[in-house]
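# What the coordinates show
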Amino acid sequence: MQVSQIKEAFKKSGIKKNDSIIVHGDAGIAEQIKINKKDKVNFFLNLLIKLIGEKGSIIVPAFTYNACKTKIFDKQKDKAETGLFSEIFRKKKNINRTDHPIFSFSIYGKNFKYFQKASLNTCFGKKSIFEFFLKKNSKIICLGCELDRITFTHYIEEFLNVSYRYHKKFKIFDKNKKKNITIDYFVRNLNKRSNIDLSKLHKYLIKKKRIKEINFGRFKLLIVESKHFYNSCIELIKKDKNSLIKQN
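A short tour of the structure in this document, coming up. Predicted model, so just to flag it, every value in this text is computed and none were measured.

Counting secondary structure elements, the protein contains 10 helices and 12 strands. Principal axes of the C-alpha set define a box for the protein whose edges measure 50 × 45 × 30 Å. Taking all 248 residues of the protein together, 56% fall into the buried category. Look at the contacts in the protein between residues 6 or more apart in sequence, and 66% of them connect residues 24 or more apart. For the protein, the accessible area works out to roughly 12,700 Å², and carbon and sulfur atoms hold 48% of it. Charged side chains in the protein number 55 positive and 23 negative. The centres of these two groups are separated by 2 Å.

Pairing is mixed in the open sheet, where three strands are placed in the order β3-β7-β8. Only two strands of the sheet have a single neighbouring strand rather than two, namely β3 (72-73) and β8 (179-188). Two elements, β3 and strand β7 (residues 165-174), share two bridges in a ladder whose sense is parallel. Along β7, the bridge assignment pairs Phe 73 with Asp 174.

Turning to the packing of helix α1 (residues 3-13) against helix α3 (residues 40-52), a few remarks are in order. Packed helices, taken two at a time, are described by the angle their axes make and the gap between the axes. Look at α1 against α3: their axes get within 12 Å of each other, and the N-to-C directions meet at 40 degrees. Of the possible angle classes, the one that applies to α1 and α3 is oblique. Read as a crossing pair, α1 and α3 show a hand that is right-handed. Where α1 approaches α3, its residues Val 3, Ile 6, Lys 7 and Phe 10 are matched on the opposing element by Phe 43, Phe 44, Leu 47, Leu 48 and Leu 51. Across the contact of α1 with α3, the residue classes tally to eight nonpolar, no polar and one charged.

By the burial criterion, the buried members of helix α9 (residues 199-207) are Leu 201, His 202, Tyr 204 and Leu 205. Along the long axis of α9, the arc covered by the buried residues comes to 165 degrees, so they all point the same way. Among the exposed residues of α9, those oriented more than 90 degrees off its buried face are Lys 203 and Lys 207. Next to the buried residues of α9 lie β10 (211-216), β11 (219-225) and α10 (226-239). Looking one or two residues past α9, Lys 209 carries a phi angle of roughly 55 degrees, positive in sign.

Scoring rules and cut-offs
- Residues numbered from 1 in each chain as written.
- Predicted model: local features only at pLDDT ≥ 70, side-chain atom pairs only at ≥ 80, totals over all residues.
- Heavy atoms only, no water.
- Helix = DSSP H or I, 4+ residues; strand = E, 2+ residues; numbered from the N terminus.
- Buried < 20%, exposed > 50% of the residue type's maximum accessible area, 1.4 Å probe, protein only.
- Contact = heavy atoms within 4.5 Å.
- Areas by Shrake-Rupley, 256 points an atom, 1.4 Å probe, with all protein chains shown as cover.
- Lys, Arg positive; Asp, Glu negative; His and termini not counted.
- Charge placed at Lys NZ, Arg CZ, Asp CG, Glu CD.
- Pairing = 2+ DSSP bridges.
- Axes fitted to C-alpha atoms, helices over the stretch in contact; angles between N-to-C directions.
- Parallel < 35°, antiparallel > 145°, perpendicular 65-115°, else oblique.
- Left-handed = near helix turned anticlockwise from the far one by under 90°.
- Nonpolar A, V, L, I, M, F, W, Y, C, P; charged D, E, K, R; others polar.
- Arc of directions from axis to C-beta.

Here it is, written out as structure tokens:
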């Protein structure tokens, strides 16, 4: 894939300067770029940063699920457990990481302070960073992965209090803040068949013309506004409470 094709794909997607974008990415999308550089992921991320600019925001998951077991979170040292793409972005210069011990995000751009105000005492509930995403109507992007990777889904599930998840408390010691943080996590009920499956949602978004799908080499670039994603999930669940999960 040529650099010019990447720029053209972003142009078609509607992503532009000063946007606030949440990126769920796979490192494989960068490996297909035809350039004479070893670190293609960083090259790709630099293209994205240049496209969005300092007045926009690039938001990438840097989750640390293991903190639920270790009961310790070190924002500076703990790696992102969401893949190579996320970890490379986390380690870049001028990237700030939010303080949430489980669902932290690496953020580039001017809106970091706004998102940093989110509550640390909930993962997906009121005043969580996901609520801030909705208020900002951030664009959600999937690069080389499916909609199932979109964690914003769980914010909507908690808002609707779905039956296949329940509230569980975790107390995690924050090494940087030097204190324990008690967190409410709306976790999946492992006794119920409730693996996430957003195939119905995907079809619904296409039907309602609320999602864009752009060819990105051998992958797809999927983009949906958070408000469209939120409203579509609500509409589906009102018809079928299990619309977002696979029960088989």
